[in-house]
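Letter by letter, the chains look like this.
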Amino acid sequence: MPDVAPRLTHRSFANILQGYCAAAGLDASTLGAHSLRAGYITTAAERGADLARIMDQSGHQDPRTVVGYIRRANAFKGRSGSRFL
């Protein structure tokens, strides 16, 4: 049987991400795998990506979860103060 490399787990990914954040001089305690995932979903929504495509990439099964991110991403669009932000 061929040797198989171990899978990348959520924890190992978080450790790698935090290591790079620390190396870049960022406060690694404020960043994690969820930060990266949330940032992706928020940015995709802001750029008009289709909900199904966002879910394909993020791995979410429940559209209600992703819609929560999209609402936050669009919170200031079309508002009277939106040009200030």
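Conventions and cut-offs
Residues numbered from 1 in each chain as written. Predicted model: local features only at pLDDT ≥ 70, side-chain atom pairs only at ≥ 80, totals over all residues. Heavy atoms only, no water. Buried < 20%, exposed > 50% of the residue type's maximum accessible area, 1.4 Å probe, protein only. Helix = DSSP H or I, 4+ residues; strand = E, 2+ residues; numbered from the N terminus. Arc of directions from axis to C-beta. Polar contact = N/O pair within 3.5 Å; in protein donor to acceptor, adjacent residues only side chain to side chain. 1 Å grid on protein atoms, 1.4 Å probe; cavity = no way out; pocket = protein on both sides within 12 Å on 5 of 7 lines; lining within 4 Å. Points joined across faces, edges and corners; volume = space filled by probe spheres on them. Axes fitted to C-alpha atoms, helices over the stretch in contact; angles between N-to-C directions. Parallel < 35°, antiparallel > 145°, perpendicular 65-115°, else oblique. Left-handed = near helix turned anticlockwise from the far one by under 90°. Contact = heavy atoms within 4.5 Å. Nonpolar A, V, L, I, M, F, W, Y, C, P; charged D, E, K, R; others polar. Salt bridge = Lys/Arg side-chain N within 4 Å of Asp/Glu carboxyl O.

In the nomenclature of an unreviewed UniProt entry, the protein chain is known as Tyrosine-type recombinase/integrase of Methylobacterium longum.

It is worth spelling out helix H3 (residues 51-58) at this point. Every buried residue of H3 is listed here: Ile-54, Met-55 and Ser-58. The buried residues of H3 occupy an angular sector of 95 degrees when projected down its axis, which confines them to one face. Across H3 from its buried face, at more than 90 degrees, point the exposed residues Arg-53, Asp-56 and Gln-57. Backbone nitrogen of Ala-52 and a side-chain oxygen of the N-cap are separated by 3.2 Å at the start of H3; the cap is Asp-50. Of the residues flanking the end of H3, it is Gly-59, one or two places downstream, whose phi is positive at about 85 degrees.

Its boundaries defined by the atoms lining it, the largest pocket holds a volume of some 350 Å³. Lining of the largest pocket is provided by Leu-8, Thr-9, His-10, Phe-13, Ala-33, His-34, Leu-36, Arg-37, Tyr-40, Gln-57 and Ser-58. Among the secondary structure elements, those contributing two or more residues to the lining of the largest pocket are helix H1 (10-23), helix H2 (33-46) and H3. Per-element tally for the lining of the largest pocket: the top contributor is H2, with 5 residues.

What follows covers the packing of H2 against H3. Taken N-terminus to C-terminus, the directions of H2 and H3 make an angle of 160 degrees; their axes are 10 Å apart at the nearest point. With respect to each other, H2 and H3 are oriented roughly antiparallel. The chirality of how H2 crosses H3 is right-handed. Every residue of H3 that contacts H2 at Arg-37, Tyr-40, Ile-41, Ala-44 and Ala-45 is listed here: Arg-53, Ile-54, Gln-57 and Ser-58. Tallied by class, residues from the contact of H2 with H3 come to 5 nonpolar, 2 polar and 2 charged.

Now for the side chain of Ser-58. For Ser-58, the location among the structural elements is in helix H3. For Ser-58, a relative accessible area of 11% translates into the label buried. Once residues lying within four places of it in the same chain are set aside, the contact partners of Ser-58 are Arg-37, Ile-41 and Val-66.

Two side chains that carry opposite charge are able to pair once their charged atoms sit near each other. One pass over the structure, following the stated rule, counts 1 salt bridge. Across the salt bridge formed by Arg-64 and Asp-62, the nearest N and O atoms sit 2.8 Å from each other. Given the relative accessible area of 67%, Arg-64 is considered exposed. The class of Asp-62 is partly exposed, set by a relative accessible area of 27%.

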